[in-house]
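Summary of structural features
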Amino acid sequence: MSAVLTVQNLTLVRGGRTLAAGLNFEVRSGGALLLTGPNGAGKSTLLRAIAGLFTPASGTISMSGDTIAHDETPALQAHYLGHADALKGALTARENLEFWSAALKQNGGLDPLQALAAVNLAHVADLPVGWLSAGQRRRTALARLLVAQRPLWLLDEPTTALDAASQARLAGSMAAHRAKGGMIIAATHAPL
């Protein structure tokens, strides 16, 4: 996997307030960008703009690479993990991941049970997500990154509600993703 995410002259305005102006950067295969700063600085807004969930006031966000079609947006090449876990509480952990695997229509990812095992949750595969602890729900959401391969991971406070062992597993997953040529942009207040 060889890809480049390019942000050029990006301006983000939210609620009449300019959060960023003239922002330029690139993230290449195997690379990572860590976004830090106080609450309200625009970290989440930038991630949402790259994910196609927020319209910038100006500038461009593009992605190119050997496996990326010319007309594919970064949003179609990204996993976005925001503050909400994007899980249905009435569905089991396995059913949630089966849904995301089918919805993302990507080959090469792990089977939902393998993904749950990778985040140490195989034992809750058949429990409704609504019954899980906050940390278990977050780990189920992180398992979504593993059921469909996408070159770009956009992670907003990914360690929220994770214990030390789960944070270490996340670090391993992030390193493995980058070693295969993946890219990560993460907003965080905690060390990753």
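Above this text sits the structure in question.
Residues numbered from 1 in each chain as written. Predicted model: local features only at pLDDT ≥ 70, side-chain atom pairs only at ≥ 80, totals over all residues. Heavy atoms only, no water.

**Some thoughts on the pairing of strand β2 (residues 17-28)**
Pairing of strand β1 (residues 3-14) with β2, which is carried by eight bridges, proceeds in the antiparallel orientation. In the strand pairing of β2, Arg14 is matched with Arg17. What sits between β1 and β2 in their antiparallel hairpin is a turn of two residues, with Gly15 showing a positive phi close to 60°. (Pairing = 2+ DSSP bridges. Helix = DSSP H or I, 4+ residues; strand = E, 2+ residues; numbered from the N terminus.)

**Brief notes about the environment of Ala176**
Within the secondary structure layout, Ala176 lies in helix α5 (residues 164-179). By relative accessible area, Ala176 is classed as partly exposed at 36%. Remark: the alpha-carbon pair of Ala176 and Gly30, spanning 146 residues in sequence, is separated by 9.5 Å. (Buried < 20%, exposed > 50% of the residue type's maximum accessible area, 1.4 Å probe, protein only.)

**Structural notes on the pattern of salt bridges**
Counted by the stated rule, this structure contains three salt bridges. The closest approach of N and O atoms between Arg94 and Asp126, which form a salt bridge, is 2.7 Å. Of this pair, Arg94 sits in helix α2 (residues 93-104) while Asp126 is found in the loop between α3 (112-118) and α4 (134-147), placing the two residues 32 residues apart along the sequence. (Salt bridge = Lys/Arg side-chain N within 4 Å of Asp/Glu carboxyl O.)

**Quick look at the pairing of strand β7 (residues 183-187)**
With five of five residues buried, β7 lies mostly within the body of the structure. Because side chains alternate across β7, one face comprises the buried residues Met183, Ile185 and Ala187, and the other comprises Ile184 and Ala186, equally buried. Here five bridges tie strand β6 (residues 152-156) to β7, and the two strands are oriented parallel to one another. Along β7, the bridge assignment pairs Asp156 with Ala187. Where the polypeptide runs from β6 across α5 and back to β7, its parallel neighbour, the crossover connection is right-handed. (Right-handed = clockwise from strand over helix to strand, strands pointing away.)

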